[in-house]
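# Observations on the model geometry
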Amino acid sequence: NLRALTSWVGIARLSAVVLSCLAFSLVASTGLFWGPYGTWCMFTWCFCFTVTLLVLLLELLELYPLLPLSWDDFTAAFSMLAALMVFTSSVVYPATFISSLCSSSLCARQAVATTASCLCFLAYAVEVSLTRAKPGDISSFLSTVPGLLKVFEAYVACLIFSLLDAYSGKPGLMWCVAVYSICFIFTLLIIIFTVGRCLTYIPCPLEKMLVGYNFLALLMYLTATILWPLYSFQGQSRPDPCGPSCSWNKHLGVTFLTIFNLIAYLVDLVYSTRMVF
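Just so it is clear, the structure is predicted and the values come from calculations on it, not from any experiment.

## Considering the overall build of the protein chain
Within the protein chain, the secondary structure is distributed over 9 helices and 0 strands. Across the protein chain, helices and strands are ordered from the amino to the carboxyl terminus as α-α-α-α-α-α-α-α-α. Scaling as 2.2 N^0.38, a compact globule of 277 residues should have a C-alpha radius of gyration of about 19 Å, and the protein chain matches this with 20 Å. By residue count, 45% of the 277 residues in the protein chain fall in the buried class. Sequence separation of at least 24 residues holds for 77% of the intrachain contacts in the protein chain that already meet a minimum separation of 6. Element-wise, carbon and sulfur atoms account for 73% of the exposed surface of the protein chain, whose accessible area totals about 14,200 Å².

## Regarding unusual backbone geometry
The backbone of Glu62 shows a phi angle near 55°, a positive value even though the residue is not glycine. With respect to the helices and strands, the residue Glu62 is situated in the loop between helix 3 (35-60) and helix 4 (71-97). One non-glycine residue, Arg197, lies in the positive phi region at around 55°. Structurally, the position occupied by Arg197 is in the loop between helix 7 (171-195) and helix 8 (206-232). For Arg197, a relative accessible area of 52% translates into the label exposed.

## Notes on the nonpolar core
As a rule of thumb, soluble globular proteins bury nonpolar side chains together. Trp45, Tyr124, Ile160, Tyr180, Cys183, Tyr221 and Trp228 are the most contacted members of the largest nonpolar core, which has 72 residues in total. Contributing elements (two or more residues each) for this core: helix 2 (8-30), helix 3, helix 4, helix 5 (105-131), helix 6 (145-163), helix 7, helix 8 and helix 9 (247-276). A per-element tally of this core places helix 4 first, with 12 residues. Inspection of this core shows a minimum of three residues originating in each of domain 1 (1-136) and domain 2 (140-276). Those residues in contact with Tyr221 that sit more than four places away from it in its chain are Ala157, Ile160, Val179, Tyr180, Cys183, Thr258, Asn261, Leu262 and Tyr265.

## A word on the domain arrangement of the protein chain
By a frequent convention, interface size equals the accessible area lost on bringing the separate parts together. Domain boundaries in the protein chain define domain 1 (1-136) and domain 2 (140-276). Spacing between the C-alpha centres of domain 1 and domain 2 amounts to 24 Å. Contacts between the two partners involve 18 residues from domain 1 and, on the opposite side, 14 residues from domain 2. Summed over both partners, the interface of domain 1 with domain 2 comes to about 1,500 Å²; 71% of that surface belongs to carbon and sulfur atoms. Ranking the residues of domain 1 by area buried against domain 2 places Asp73, Met80 and Leu84 at the top, with a combined share of 31%. Where domain 1 meets domain 2, there are 0 salt bridges. Remark: the boundary between domain 1 and domain 2 carries 6 residue pairs in polar contact (both at pLDDT 80 or more). When contributions to the side of domain 1 that touches domain 2 are tallied by element, the ones reaching two or more residues are helix 3, helix 4 and helix 5. Ranked by residue count, the leading element in the side of domain 1 that touches domain 2 is helix 4, at 10 residues.

## As for the packing of helix 7 against helix 8
In contact at an axis separation of 8 Å, helix 7 and helix 8 are set at 150° when each is read in the N-to-C sense. Judged by the inter-axis angle, helix 7 sits roughly antiparallel to helix 8. Judged by the sense of rotation from one axis to the other, the crossing of helix 7 with helix 8 is left-handed. Across the interface between the two elements, Gly172, Leu173, Trp175, Cys176, Val177, Val179, Tyr180, Ile182, Cys183, Phe186, Thr187 and Ile190 from helix 7 touch Leu210, Tyr213, Ala217, Met220, Tyr221, Thr223, Ala224, Leu227, Trp228, Tyr231 and Ser232 from helix 8. Of the residues in the contact of helix 7 with helix 8, the class split is 19 nonpolar, 4 polar and no charged.

What counts, and where the lines are drawn
Residues numbered from 1 in each chain as written. Predicted model: local features only at pLDDT ≥ 70, side-chain atom pairs only at ≥ 80, totals over all residues. Heavy atoms only, no water. Helix = DSSP H or I, 4+ residues; strand = E, 2+ residues; numbered from the N terminus. Rg over C-alpha atoms; globule rule 2.2 N^0.38 Å. Buried < 20%, exposed > 50% of the residue type's maximum accessible area, 1.4 Å probe, protein only. Contact = heavy atoms within 4.5 Å. Areas by Shrake-Rupley, 256 points an atom, 1.4 Å probe, with all protein chains shown as cover. Core = buried A, V, L, I, M, F, W, Y, C linked by side-chain atoms within 4.5 Å. Domains from an automatic or database assignment. Buried area = accessible area lost by both parts, 1.4 Å probe. Salt bridge = Lys/Arg side-chain N within 4 Å of Asp/Glu carboxyl O. Polar contact = N/O pair within 3.5 Å; in protein donor to acceptor, adjacent residues only side chain to side chain. Axes fitted to C-alpha atoms, helices over the stretch in contact; angles between N-to-C directions. Parallel < 35°, antiparallel > 145°, perpendicular 65-115°, else oblique. Left-handed = near helix turned anticlockwise from the far one by under 90°. Nonpolar A, V, L, I, M, F, W, Y, C, P; charged D, E, K, R; others polar.

Below you can see the structure in the form of structure tokens.
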């Protein structure tokens with residue numbers, strides 16, 4: 001099936017493969033990817049390169065119908081996840097490893113790798129826009145706006161978990177962590193059940209169940225949006241200096257990510273309600 005390579009979606013995937021390979025190859029040649037941030041960036045580029053290449057091969061050889069999963073849902077969810085992961089790496093890597101005074105060939109390779117990563121994000125974003133379901137098309141749930149938002153909500157929750165620090169002993173913060181965990185688990189189960197074609201076994205109307213879940217998740221995140229900054233910054237000022245591992249900066253990051261997920265669940269509720277009613 002040569003259309004897997006010659007269609008606009010195929011061209012976007014080929015571009016993502018080449019650009020992600022270029023990004024991790026250049027960074028590997030510099031040897032500057034230590035610590036959790038560098039490891040995350042390298043994992044992102046290698047993971048996206050491998051899975052996208054596998055997707056291309058399966059579609060080229062027309063082997064994907066043999067897999068026990070919903071292929072359209074899987075590719076839609078992966079392209080959205082890859083776009084989010086590569087975007088994060090495109091921001092984290094230069095902020096962590098490229099200094100303000102940059103004139104050596106080593107720094108030039110880092111700059112080219114960052115540029116390749118940004119272009120790779122654009123390639124995945126184009127794929128998401130090309131494969132997104134049009135109004136009235138419900139062939140695959142994860143290609144619709146609510147489905148793509150589910151992937152976004154789960155990814156933001158993972159970022160929140162990576163920043164959690166010093167929350168034990170405070171009931172308000174522990175409630176916020178419970179909110180993040182409960183919503184993440186249910187959102188992840190919805191994604192897994194959709195890709196695994198297990199939604200038909202749910203003994204209740206799926207669309208109305210999603211509306212109810214989105215409403216409850218919105219209320220829970222609303223409480224977390226209020227309680228997290230209230231308990232995190234109560235009686236505390238920003239220390240000086242405050243580096244990347246500073247707890248104050250991490251709490252600030254969790255605050256903004258909580259607001260992002262609150263907005264995502266609000267939009268998800270609006271779209272889900274429109275789809276049902």
